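Given next are the chains, with one letter for each unit.
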Amino acid sequence: MSTPYAKLPAWADYGLIPLVNLAVAFLVAGLVVMLVGENPFRAAVILVDGALGRGQNIAYTLYYATSFIFTGLAVAVAFHCSLFNIGGEGQAYVGGLGVGLVCLAFDSILPWWLVFPLAIVGAALFGAAWAFIPAYFQAKRGSHIVITTIMFNFIAASLMVYLLVNVLKPAGAQAPQTRNFLEGGQLPKLNWVLEAMGFSIRSAPFNLSFLLALLAAFLVWVLIWRTRLGYEIRMRGFSPKAARYAGVSETKIIIVAMLVSGALAGMMALNPVMGDQNRLQIDFVTGAGFVGIAVALMGRSHPAGIVPAAILFGMLYQGGAELAFEMPNISRDMIVIIQGLVILFAGALEHMFRPSIQALFASLSPRSAGVEAQQGEGG
Amino acid sequence: MDFFHSLILVLDSTVRLSIPLLLAALAGLYSERSGVFDIGLEGKMLAGAFAAGAAAAVTGSAWAGLGAAMLISIFLALVHGFASITHRGNQIVSGVAINFIAAGSTIILGQAWFRQGGRTPSLPGEARFSSIDLPFAEAVRDVPILGEVYSELISGHSLLTYAAFLLVPFTWWVLFRTRFGLRLRAVGENPAAVDTAGISVSWLRYRAVICTGVLTGMAGTYLSLAQNAGFVKDMTAGRGFIALAALIFAKWRPVPVMFACLLFGFLDAFAIRIQGTPLPLIGQVPVQFMQALPYILTVVLLAGFIGKAVPPRAGGVPYVKER
């Protein structure tokens with residue numbers, strides 16, 4: 001193996017290193033807070049309190065987390081196939097079209113529990129369809145999926161603006177959005193769960209799609225680690241050559257992995273469109289597709305890591321909103337910086353601290369780091 | 001004559017709209033030719049635009065703005081280099097990170113320092129790169145056709161515009177006629193060969209990303225000091241990605257990069273011009289379609305339907321010395 005890094009014990013690999021990376025990301029974010037003349041410790045206290053302090057805030061945190069679980073899973077599935085699906089934003093946007101069309105068609109005839117499964121299918125289909133073209137081009141014509149999915153984000157944005165302004169907007173309305181869905185197109189809220197646990201909630205958009213997100217996380221785990229298809233996806237991701245030798249069709253695997261990824265990203269739309277706003281409007285994704293990248297990197301592409309990472313980002317989104325009230329110098333854009341720093345330190349620089357941690361392990365107990373670590377240090 | 005006049009106007013705004021694309025695409029050219037993919041052009045350009053706006057507002061000098069923009073863009077380019085060259089991280093991930101860091105911090109710092117909702121203060125003329133009238137521009141204005149072309153289209157742009165066009169042959173010369181350029185291209189195709197020749201792969205790639213930083217800084221400066229009078233939040237608005245598209249469209253070659261940027265700039269200018277007026281034969285073209293056209297064209301090109309865009313062979317792959 002030509003990996004330049006030697007093995008560490010599993011708990012250090014999956015626990016310690018991500019935590020160190022995360023800590024550094026927050027440390028740098030703290031420096032930015034200091035740079036704008038605020039106290040980073042006070043900011044952290046306000047942020048955590050704003051995210052978890054009251055039932056209301058917890059409900060909002062979980063609402064945001066729902067979207068990030070979907071988009072995080074979407075990025076992760078593609079990662080396992082060593083594909084970087086940066087197009088979650090566009091796939092979720094187009095997925096929203098699927099949700100919207102289903103709701104507009106059936107909300108007056110069917111109850112929500114019949115519309116919901118149809119909307120899931122709609123979201124997944126539309127999201128997957130938007131991922132299909134880049135996947136097909138990657139598999140058949142070798143065009144780089146990163147570039148094509150970026151381009152498809154922009155194309156999706158133009159397409160959706162066009163459809164909302166020219167096709168879906170009710171006659172006479174000003175705002176570029178569909179009509180409000182009737183009761184059949186509204187998901188029930190889950191706030192009563194939190195209220196049953198003793199929290200009080202005035203109104204929050206926390207809704208049923210959270211459970212769907214958890215179910216999706218479980219199903220992704222089953223798919224990736226417990227099925228033949230998942231095995232083939234991981235094999236292609238680990239070594240395309242080995243996969244080819246084993247008789248795995250590369251074209252098929254790339255396209256299937258991207259379809260699953262796109263479907264998951266598309267299902268994110270259920271949360272804001274059917275669960276909260278109850279209409280399809282411009283820019284409802286608000287960056288959740290990109291947050292998925294940070295979530296997947298932090299969660300190391302494993303559902304068990306993605307769910308807590310999504311909740312952490314949910315906390316950042318909700319707590320960040322509160323922070324913006326308390327500290328005039330800090331707006332919600334602080335989250336974007338933190339997101340970038342997490343992607344930088346947990347993603348691009350994930351190996352930065354590895355040599356020093358290995359050295360530490362080697363000096364503490366030579367056996368735990370193994371002989372390879374010595375060679376790894378030499379390079 | 002009327003048609004000719006509107007044509008000149010559209011071409012004039014084509015030039016204005018394609019300059020930031022051209023500078024950013026040339027920036028990407030250096031990095032990508034050396035084997036370091038850079039989807040962080042957008043972020044570096046945005047940070048550069050902010051630094052230029054902020055420094056020009058504080059010092060009152062456009063040149064100080066340009067310097068600050070270059071410094072901050074070089075810094076971000078070095079972060080990208082540190083992650084992808086020294087630590088062999090994923091170059092795409094690193095580029096995405098830089099885009100987010102730039103998008104967030106320009107707004108936060110702008111609001112904290114200037115308190116104008118993320119803008120920098122509006123700049124007076126001397127703190128900007130304002131348009132330069134070339135000699136005789138006024139005198140020849142009345143000469144039919146040529147006079148108008150000279151005075152409207154060629155004259156009356158900012159210094160950065162002329163610099164950007166000069167940078168096209170310069171980049172060609174650097175890449176294809178100097179030793180540095182030869183090595184830069186070699187390291188993007190086959191770093192092991194360069195390493196065997198006793199040349200440092202890392203140092204070459206670091207120099208390439210520094211060039212990227214300088215040029216994205218200029219691109220940002222153009223946005224906030226030439227095209228506008230100050231920084232507005234999120235003012236790059238995806239131009240970094242269109243530049244990337246242009247770079248691919250031009251198959252990573254300097255002169256075609258210029259034409260690709262002019263084409264994308266023209267589409268933009270044309271879309272603004274025809275807004276609301278139906279075209280003969282086609283009828284009303286949705287603005288959104290015109291906006292999406294550069295991206296659609298790039299996807300079509302990448303899929304190999306119009307020629308084939310082959311990226312530098314070692315692009316995106318961190319170099320691990322044999323051990």
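Computed from a predicted structure; not experimentally measured.

(A) Spotlight on the interface of chain B and chain A. If you look at the interface, chain B gives 46 residues, while chain A gives 45 residues. Carbon and sulfur atoms supply 78% of the area buried between chain B and chain A, which totals about 3,800 Å² over both sides. Of all residues in chain B, the largest losses of buried area upon contact with chain A belong to B:F100, B:I108 and B:Q288, amounting jointly to 17% of the total for that side. Where chain B packs against chain A, one counts 0 salt bridges. In this structure, the connection of chain B to chain A is made through 1 residue pair in polar contact (both at pLDDT 80 or more). Elements supplying a minimum of two residues to the side of chain B that touches chain A: helix 3 (62-86), helix 4 (91-114), helix 10 (239-249) and helix 12 (287-302) of chain B. Counting residues per element, the side of chain B that touches chain A draws most heavily on helix 4 of chain B, which supplies 16 residues. Within the side of chain B that touches chain A, the residues separate by chemical class into 30 nonpolar, 12 polar and 4 charged.

(B) Here's a closer look at the confidence of the model for chain A. In this model, chain A carries a mean pLDDT of 88, and residues with pLDDT of at least 70 account for 94%. Confidence over residues 371-379 of chain A falls short of pLDDT 50; this stretch has 9 contacts with residues more than four positions distant or in other chains.

(C) Summary view of the packing of aromatic side chains. Residues and elements named next belong to chain A. Taken as a whole, this structure holds 22 aromatic pairs over all chains when the rule is applied. Geometrically, the ring pair formed by Y64 and Y317 is tilted, given 5.7 Å between the ring centres and 50° between the ring planes. Of the two residues, Y64 sits in helix 3 (residues 55-80) while Y317 sits in helix 14 (residues 303-326), which places them 253 residues apart along the sequence. Of the residues examined, Y64 reaches a relative accessible area of 17% and is grouped as buried. Residue Y317 is classed as buried on the basis of its relative accessible area of 12%.

(D) Quick peek at helix 3 of chain B. For helix 3 of chain B, spanning 25 residues, the distance from its first C-alpha to its last is 34 Å, which sits close to the expected 36 Å at 1.5 Å a residue. Regarding helix 3 of chain B, its N-cap is B:S61, as a side-chain oxygen of that residue lies 3.2 Å from the backbone nitrogen of B:W63 further along.

(E) Expanded view of the side chain of B:D195. Residues and elements named next belong to chain B. The residue D195 is located in helix 8 (residues 191-196) in this model. Residue classification places D195 among the buried residues on the basis of a relative accessible area of 16%. Of note is the side chain of D195, whose polar atom sits 2.7 Å from the side chain of Y319. When residues no more than four places from it in sequence are discounted, the contact partners of D195 are V201, Y319 and K321.

(F) Summary view of the pattern of salt bridges. Residue and element names in this part refer to chain A. The final tally for this structure, using the stated rule, is 8 salt bridges over all chains. Between R228 and E232 there is a salt bridge, with the nearest N and O atoms lying 3.4 Å from each other. Placement of both R228 and E232 in helix 9 (residues 228-238) is noted, with a separation of 4 residues, approximately one turn of the helix. Note on R228: relative accessible area 68%, which makes it exposed. For E232, a relative accessible area of 11% translates into the label buried. Among the charged side chains, a salt-bridge network with shared partners connects R228, E232 and K252.

Cut-offs used in this document
Residues numbered from 1 in each chain as written. Chains lettered and ligands numbered in written order. Predicted model: local features only at pLDDT ≥ 70, side-chain atom pairs only at ≥ 80, totals over all residues. Heavy atoms only, no water. Contact = heavy atoms within 4.5 Å. Buried area = accessible area lost by both parts, 1.4 Å probe. Salt bridge = Lys/Arg side-chain N within 4 Å of Asp/Glu carboxyl O. Polar contact = N/O pair within 3.5 Å; in protein donor to acceptor, adjacent residues only side chain to side chain. Helix = DSSP H or I, 4+ residues; strand = E, 2+ residues; numbered from the N terminus. Nonpolar A, V, L, I, M, F, W, Y, C, P; charged D, E, K, R; others polar. pLDDT = per-residue confidence, 0-100. Phe/Tyr/Trp six-rings, centres within 6.5 Å; stacked < 30°, edge-to-face > 60°. Buried < 20%, exposed > 50% of the residue type's maximum accessible area, 1.4 Å probe, protein only. Expected span 1.5 Å × (residues − 1).

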